[in-house]
Amino acid sequence: MSDPTVTVTVKLFAAYQEAYGVPELVLDLPRGSAVSDVRDRLLADHPELEQWRDVTRFGINLQFVEPDAVLQSGDEVVLIPPVSGG
Amino acid sequence: MQTAFGVPPTHHSDHVAMTFAPLSIEEVYALADDPANGAVVVMSGMVRNQTDGKPVVALEYQAYEPMAIEVFKQIAAQIRQTWTDVTRVVIHHRTGKLSIGEISVLVAVGCPHRSEAFAACQYAIDTLKHNAPIWKKEHWQDGSTSWVSIGACEQPGENC
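Residues numbered from 1 in each chain as written. Chains lettered and ligands numbered in written order. Predicted model: local features only at pLDDT ≥ 70, side-chain atom pairs only at ≥ 80, totals over all residues. Heavy atoms only, no water.

If you walk through the whole model with that rule in mind, you get nine salt bridges over all chains. The shortest N-O distance in the salt bridge between A:Glu50 and A:Arg53 comes to 2.5 Å. With a relative accessible area of 25%, A:Arg53 lands in the partly exposed category. A salt bridge links B:Asp14 to B:Arg80, with the nearest nitrogen and oxygen atoms 2.7 Å apart. Of the two residues, B:Asp14 is situated in the segment before β1 (15-19) and B:Arg80 in helix α2 (residues 65-82); the sequence distance between them amounts to 66 residues. The buried category is assigned to B:Asp14, whose relative accessible area is 10%. Within the structure, one salt-bridge network assembled from shared partners comprises A:Arg39, A:Asp40, A:Glu50 and A:Arg53. (Salt bridge = Lys/Arg side-chain N within 4 Å of Asp/Glu carboxyl O. Buried < 20%, exposed > 50% of the residue type's maximum accessible area, 1.4 Å probe, protein only. Helix = DSSP H or I, 4+ residues; strand = E, 2+ residues; numbered from the N terminus.)

What follows is the structure, encoded as structure tokens:
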């Protein structure tokens, strides 16, 4: 029987890192979860992050992905609030 | 590798880096130097002493470094597809807390002719600012801090 969950590492930056006080989390999610479900779980834990919901982009394994990208166990996920490099 | 988005491997003469140590214009220029060049355009970005008239004392840069490096490589690859005469693409970015006047980013592009060098360099810095997973926090003179949102930078009249 296959594992009903997937385990992913979530890298946190900027406002997300400040909300959690740590640079990364390890989360278990139901198999078939999308990367946007990671954001939704974090916003449920930290409602003060709600302002970033619609402007957060997503990365999996160092590549930008769409919000509906499906997670695999072992993925490194990043939530990308508005960037300001340069 | 980059195959997921069809980006070719980094050209052997391109150079990208994220570094905690200070950036060197001389090093970046040397990396862009090439006998086929007729022009090298170097873009240098540094910490400004104010934002919208409010005094800034420092900027603190945070980056998701491995993904930022991937984005830099994709920028270099896209430049080579768009401006095929480009000889060298160099992108270096700093992390950590920088004070007024310190260089935060250097982009250098070498080309046989200046117009392509200017265009490619502008593409590189504009794309970096929009896509590289790098964040900066403004440290204000009054001791408070805030993360910069590029949303503010996209308002008419802003100059980020």
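All names here are of chain A. Read from one edge of the open sheet, five strands run β2-β1-β5-β3-β4, paired in mixed fashion. With one partner strand each, in any of the chains shown, β2 (24-30) and β4 (63-65) form the two edges of the open sheet. Between one strand and the next, the sheet's axes are offset by a mean angle of 35°, whatever the strand orientation. By the bridge criterion, seven bridges tie strand β1 (residues 5-11) to β2 in an arrangement that is antiparallel. Bridge pairing links Thr-9 to Val-26 in β2. (Pairing = 2+ DSSP bridges. Axes fitted to C-alpha atoms, helices over the stretch in contact; angles between N-to-C directions.)

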